[in-house]
Amino acid sequence: MISTRRTLLAALAAVGTLASLTACGGGSDDGSGSSDASGGTYTFWDPYPQFDASSPWGKLVTECGTKAGATVKRTAYDTTDLGNKALLAAQQGNAPDVMLVDNPVVSTLVEAGILNKTSDLGLDTKSIQQNIIGAGTIDDASYGVPIGANTLALYYNKEVLSAAGVDPASIKDWTSLTAALQKVKAAGKKGITFSAINTEEGSFQFLPWFWGAGGDLTELNSAKGAAALSLWKGWVDDGLAPKDVLQNTQTTSWQEFATGDYAFGENGTWQLGNADKAGFDYGILNIPAQNGGSAPVPTGGEFVTVPVQKDSARYDVSKKIVECLTNDANLLATDTTLMYIAPTATAQAEQVKANPKLKPWVDAVAAARGRTSGGLGSKYPTISEPMWTAVQSALSGGKSPQDALDTAQSSAEKG
């Protein structure tokens, strides 16, 4: 049992912070609330320490508790810290009543026996987009309700492309994208920036290219996976992408793109507000698959979950809190604040009506897939870490893409 707990803790640590919203600092570790089954205090944990009690998010959590007839005691942690604390709290029998967790963590917590099925709680998830709720679905059962989703696309600088004679509409696949990068370099500007850092952010950013080549996470070292890594290595070796992608987080990669010197920046929905402040005209392209069309992209975002409690009478109030947080009206407000795409068609339509710039992101999310989907579940972290290590090894010149992925596959099989 101890070894299982250690494995789960290691898996949670490996998931890391996805920087869907960069969390700075954390909340206080003040444990669980009272055991009153009716009314009383209900504890709520989330990964948004950047939002205090006076923020729209903080107020919504409080209001949803009030509507459910309870007082909500909210504690905010950074993403990784929250997952680890959730596992420990469950082992000690004092898990929070409601918890918002990063979607790759859901399967790990389910394996630990910590979360309730939405069907057991009577939560209705029929209106949730299937590929979004898929990130929190294990063996055909969902274990939470997504608050929203974010994903990746290519931001492009219209001025840089125009000066290089590149029509963004001509970019359909890897060949045409690489040709565009070469034209941009020849015109004296910089090509593309992304994050290849040795954390989950690096895997998150590599996945569209890996999946876009037809790669399968259970076979990292296939020729398809090697093609994706060779693409990135070729860009770095040829000066079409900077060498500092090895250290770039998604935040620092965005800062490079925001200088105005780069043609393209791979980044997420959450940068839209910053894009509007960048001082140059930009556009958004879906990341192209190797041979054309849009590459599958990973879904980011969090799920509202209800941890297992000794006193099952508490679930009724917890359910009401979850329903309040995830009704269409509140989802619209929350996802606007977070720059997420709502998980329901109704709320998505309202988002696009209010902000037409979200339309490409709605399309991108529709084509996205969960990192833990397809039966991977808690195995994903033991695959992701070897994958980001392979990316680091290949881009730094330590190993060829194929050798790096051979090593990664061997490590994943041992994990």
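Residues numbered from 1 in each chain as written. Predicted model: local features only at pLDDT ≥ 70, side-chain atom pairs only at ≥ 80, totals over all residues. Heavy atoms only, no water.

### Topic: empty space enclosed by the protein
Here's step 1: The full count for this structure, using the stated rule, is four cavities of 30 Å³ or more.
Here's step 2: In terms of lining residues, the second largest cavity is bounded by L152, A153, N286, I287, S294, A295, V297, A364 and A367. (1 Å grid on protein atoms, 1.4 Å probe; cavity = no way out; pocket = protein on both sides within 12 Å on 5 of 7 lines; lining within 4 Å. Points joined across faces, edges and corners; volume = space filled by probe spheres on them.)

### Let's talk about the state of the cysteines
Here's step 1: Evaluation of the coordinates by the stated rule reveals one disulfide.
Here's step 2: The disulfide partner of C64 is C324, and the S-S distance across this bridge is 2.1 Å. Note on the C64 and C324 pair: the S-S dihedral is about -70 degrees, so by sign convention the disulfide is left-handed. Highlighted residues: C64 in helix α2 (residues 56-67) and C324 in helix α13 (residues 315-325), separated in sequence by 260 residues. Note on accessibility: C64 and C324 belong to one class, buried. (Disulfide = S-S within 2.5 Å. Helix = DSSP H or I, 4+ residues; strand = E, 2+ residues; numbered from the N terminus. Buried < 20%, exposed > 50% of the residue type's maximum accessible area, 1.4 Å probe, protein only.)

### Comments concerning the sheet that holds strand β6 (residues 145-146)
Here's step 1: The mixed open sheet is built from five strands, whose spatial order is β2-β1-β3-β11-β6. Both edges of this open sheet fall to β2 (71-76) and β6, since each of them pairs with a single strand only.
Here's step 2: By the bridge criterion, six bridges tie strand β1 (residues 41-46) to β2 in an arrangement that is parallel. Each bridged residue has a counterpart across the sheet, and for T41 the counterpart in β2 is T71. (Pairing = 2+ DSSP bridges.)

### Brief notes about helix α4 (residues 103-111)
Note that an α-helix has 3.6 residues per turn; residues three or four places apart therefore point the same way.
Here's step 1: A large share of α4 lies buried, amounting to eight of its nine residues.
Here's step 2: For α4, the full list of buried residues reads N103, P104, V105, V106, S107, T108, L109 and V110.

### As for the packing of helix α9 (residues 200-212) against helix α10 (residues 223-237)
Here's step 1: Between α9 and α10, the shortest axis-to-axis distance is 9 Å and the interhelical angle comes to 110 degrees. Judged by the inter-axis angle, α9 sits roughly perpendicular to α10. Where α9 crosses over α10, the handedness of that crossing is right-handed. Residue-level contacts link G202, Q205, F206, W209 and F210 of α9 to G225, A228, L229, L231, W232 and W235 of α10. (Axes fitted to C-alpha atoms, helices over the stretch in contact; angles between N-to-C directions. Parallel < 35°, antiparallel > 145°, perpendicular 65-115°, else oblique. Left-handed = near helix turned anticlockwise from the far one by under 90°. Contact = heavy atoms within 4.5 Å.)

### A closer look at the packing of α2 against helix α14 (residues 328-338)
Here's step 1: Where α2 meets α14, the closest approach of the two axes is 10 Å, and the angle between their N-to-C directions is 155 degrees. Regarding the angle of α2 to α14, the classification is roughly antiparallel. Of the two possible hands of crossing, α2 and α14 adopt the one that is left-handed. Packed against α2, whose contacting residues are P56, W57, L60 and C64, the element α14 presents N330, T334 and T337 at the interface.
Here's step 2: For the contact of α2 with α14, the residue count by class is four nonpolar, three polar and no charged. (Nonpolar A, V, L, I, M, F, W, Y, C, P; charged D, E, K, R; others polar.)

### Some details on the pairing of strand β11 (residues 302-305)
Here's step 1: Where burial is concerned, the two faces of β11 agree: the one with E302 and V304 and the one with F303 and T305 are both buried.
Here's step 2: With four bridges joining them, strand β3 (residues 98-102) and β11 adopt antiparallel strand pairing. Following the sheet pairing, L100 is matched in β11 by V304.
Here's step 3: Note that β6 and β11 share two bridges and pair antiparallel. The residue of β11 that forms the bridge with V145 is V304.

### Side note on the confidence of the model for the protein
The predicted coordinates ought not to be read in detail in places where the model reports low pLDDT.
Here's step 1: With 91% of its residues at a pLDDT of 70 or more, the protein shows a mean pLDDT of 89.
Here's step 2: In this model, residues 1-37 is a region of pLDDT below 50 whose contacts with residues beyond four sequence positions or in other chains number 91 contacts. (pLDDT = per-residue confidence, 0-100.)

### With respect to the nonpolar core
Here's step 1: By size, the foremost hydrophobic cluster in this structure holds 57 residues, and its most contacted members are W209, L217, L220, W232, W235, F264 and L395.
Here's step 2: The set of elements that each furnish at least two residues to this core consists of β7 (152-157), α7 (158-163), α8 (174-186), α9, α10, β9 (262-268), α17 (380-395) and α18 (401-414).
Here's step 3: If near-sequence neighbours (up to four positions away) are discounted, W232 is found in contact with F194, S195, A196, G202, Q205, F206, W209, E266, V391 and L395.
Here's step 4: W57, V145, I147 and V306 belong to the second-largest nonpolar core, a separate cluster that totals 49 residues. (Core = buried A, V, L, I, M, F, W, Y, C linked by side-chain atoms within 4.5 Å.)

### Some points on the packing of aromatic side chains
Here's step 1: One pass over the structure, following the stated rule, counts 17 aromatic pairs.
Here's step 2: Aromatic side chains F206 and F210 sit 6.0 Å apart centroid to centroid with 50 degrees between the ring planes, which places their arrangement in the tilted category. Here F206 pairs with F210, and both are found in helix α9, just four residues apart, close to one helical turn. Residue F206 shares its accessibility class with F210, and that shared class is buried.
Here's step 3: Here a set of aromatic residues connected by ring pairs shows up, and it is made of W174, F194, F206, W209, F210, W232 and W235.
Here's step 4: Above the plane of the ring of Y42 lies R314, whose end atom (NZ or CZ) is 4.0 Å from the centre.
Here's step 5: One cation-aromatic arrangement involves R369 over W211; the distance from NZ or CZ to the ring centre is 4.6 Å. (Phe/Tyr/Trp six-rings, centres within 6.5 Å; stacked < 30°, edge-to-face > 60°. Lys NZ or Arg CZ within 6 Å of the ring centre and 35° of its normal.)

### What about the environment of A213?
Here's step 1: Structurally, the position occupied by A213 is in the loop between α9 and α10.
Here's step 2: Here the alpha-carbon distance between A213 and Q309, two residues 96 residues apart in the chain, equals 44 Å.

### Side note on the side chain of S318
Here's step 1: When you line up the elements, S318 lands in helix α13.
Here's step 2: Look at S318 and you get buried, because its relative accessible area is 1%.
Here's step 3: Apart from the residues lying within four places of it in its own chain, the contact partners of S318 are Y42, D97, V98 and V306.

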